Amino acid sequence: MPSKPIFQLRGIGVDYPTPAGVVTGVDDITVDIPARGMTVLAGPSGSGKSTLLRVLGLLERPARGTLTFQGADTGRLRHTERRALRRDHLGLVFQNPPDNLFSSLNVADNLRAAAESARTECRPDDILRQLGLDGTGSWRISALSGGQQQRLAFGCALARRSSVILADEPTSQLDEASADLVLDTLRFLVDQDFAVLVASHDDRLIDLGDRIARLHKGKLERVEHAATNGPERGGAR
Ligand SMILES: Nc1ncnc2c1ncn2[C@@H]1O[C@H](COP(=O)(O)OP(=O)(O)OP(=O)(O)O)[C@@H](O)[C@H]1O
């Protein structure tokens, strides 16, 4: 049975003013994102993947359309309410591993800080074990490989008990072995019933998706489902 949507997008459009004129990041995106499984935003460079992920991560206010999260219209929220929603529900992982972590804190303290920022508590050792990082709690961040740093970034989302995990090109800065660690982590998160949303053009990551939203020149071309590998309606729910 399809799970209830966690995000509902209706006619979402984002514009960027530039000296050369207005550039459209995404336009007229209408889609539902289910609360379970992995949705991959795929498409060539410049197709709008990062823009859409930033809208979903409440980092970007769309110029047009509505975005509801768990049934609430995010366009009606004040800045502080959006920030609280992001803090309490959304775990964001960016493509550059150092951008996701505090290099001045050790591994376990990064997890503790993440939990504290969301006013939760966590057991660093349990999370590190789940992520195959046992025994690294006292390590400096720089002692971890890029793949291990990305794993820890996902661990911070676990520590914060985010309901949705959003990742922008999480394997693009990594060698193949490190990227494998990230793919395993994404599988683990999906098995734990998180809603996982990833922007990527890494074919191995796209293959992991339960549904692939294909973007082209800022438009949603189609949504493919892994079970059928067939297209849903273009740009539809
Ligand atoms: N801050 C910005 N200012 C101006 N234009 C932008 C900005 N961010 C994105 N764009 C433009 O919006 C469009 C979509 O960009 P976006 O980065 O979302 O695509 P993408 O699919 O994530 O690309 P990539 O795979 O290269 O990261 C592109 O035309 C891009 O140049």
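Residues numbered from 1 in each chain as written. Predicted model: local features only at pLDDT ≥ 70, side-chain atom pairs only at ≥ 80, totals over all residues.

As recorded in an unreviewed UniProt entry, the protein goes by the name ABC transporter ATP-binding protein, listed as coming from Amycolatopsis samaneae.

Caption draft 1: Main features of helix H5 (residues 146-159). When the terminal C-alpha atoms of H5 are compared, their 20 Å separation across 14 residues agrees well with the 20 Å that a helix rising 1.5 Å per residue should span. Across the 14 residues that make up H5, a large majority, 13, are buried. Arg161 sits one or two residues past H5 and shows a positive phi near 55°. (Helix = DSSP H or I, 4+ residues; strand = E, 2+ residues; numbered from the N terminus. Expected span 1.5 Å × (residues − 1). Buried ≥ 20, exposed ≤ 12 C-beta atoms within 10 Å, placed from the backbone.)

Caption draft 2: Just the sheet that holds strand S7 (residues 164-168), in detail. A sheet is described by the order of its strands in space; here six strands give the open sequence S6-S7-S8-S3-S9-S10, paired in mixed fashion. The open sheet terminates on both sides in strands that have one partner only, identified here as strand S6 (90-93) and strand S10 (219-225). In this sheet, adjacent strand axes meet at a mean angle of 15° when their direction is disregarded. Sitting on the sheet, helix H1 (residues 49-56) touches strand S3 (37-42), S7, strand S8 (195-199) and strand S9 (211-216), and the angle it makes with S8 is about 150°. Relative to the sheet, helix H6 (residues 176-191) contacts S3, S7 and S8, its axis offset from that of S8 by approximately 150°. (Pairing = 2+ DSSP bridges. Axes fitted to C-alpha atoms, helices over the stretch in contact; angles between N-to-C directions. Contact = placed C-beta atoms within 7 Å.)

Caption draft 3: Region of the structure containing the site of the ligand. For the ligand, the set of nearby residues contains 13 residues, the closest of which are Tyr16, Ser45, Lys49, Ser50 and Thr51. Those elements giving two or more residues to the shell around the ligand turn out to be strand S1 (5-18), strand S2 (21-34) and H1. Residues of the shell around the ligand, tallied by class, amount to three nonpolar, nine polar and one charged. (Near = placed C-beta within 6 Å. Nonpolar A, V, L, I, M, F, W, Y, C, P; charged D, E, K, R; others polar.)

Caption draft 4: Spotlight on unusual backbone geometry. A positive phi angle is found at Arg119, which is not glycine, with a value near 55°. Tracing the chain through its elements places Arg119 in the loop between helix H3 (107-117) and helix H4 (124-130). In this model, Lys217 sits at a positive phi of 50°, which is unusual for a non-glycine residue. Following the sequence through the fold, Lys217 ends up in the loop between S9 and S10. Lys217 gets classed as partly exposed once you count the C-beta atoms within 10 Å, which come to 13.

Caption draft 5: Looking closely at the pairing of S7. Counting buried positions over the five residues of S7 gives five, a clear majority of the element. The alternating pattern of S7 places Val164, Leu166 and Asp168 and Ile165 and Ala167 on opposite faces, both of which are buried. Strand direction decides the pairing type here: S6 and S7, joined by four bridges, are parallel. Of the residues in S7, the one forming a bridge with Leu90 is Val164. Alignment of S7 against S8, held across five bridges, turns out to be parallel. Of the residues in S8, the one forming a bridge with Leu166 is Leu197. The β-α-β motif built from S7, the intervening H6 and the parallel element S8 has right-handed crossover chirality. (Right-handed = clockwise from strand over helix to strand, strands pointing away.)

Caption draft 6: Spatial organisation of the nonpolar core. Among the nonpolar cores identified, the biggest contains 65 residues, and Ile165, Leu166, Val196, Leu197 and Val198 are the most heavily contacted of them. Looking at which element gives the most residues to this core, the answer is H5, with seven residues. In this structure, Leu166 is in contact with Leu53, Leu56, Gly57, Leu90, Gly91, Leu92 and Leu197, ignoring residues within four places of it in sequence. (Core = buried A, V, L, I, M, F, W, Y, C linked by C-beta atoms within 7 Å.)

Caption draft 7: Here's a closer look at the packing of H3 against H5. At their nearest, the axes of H3 and H5 sit 8 Å apart, and the two run at 35° to each other. Note on packing geometry: the crossing formed by H3 with H5 is right-handed. Across the interface between the two elements, Val107, Asn110, Leu111, Ala114 and Ala115 of H3 pack against Leu152, Gly155, Cys156 and Ala159 of H5. Of the residues belonging to the contact of H3 with H5, the class tally is seven nonpolar, two polar and no charged. (Left-handed = near helix turned anticlockwise from the far one by under 90°.)

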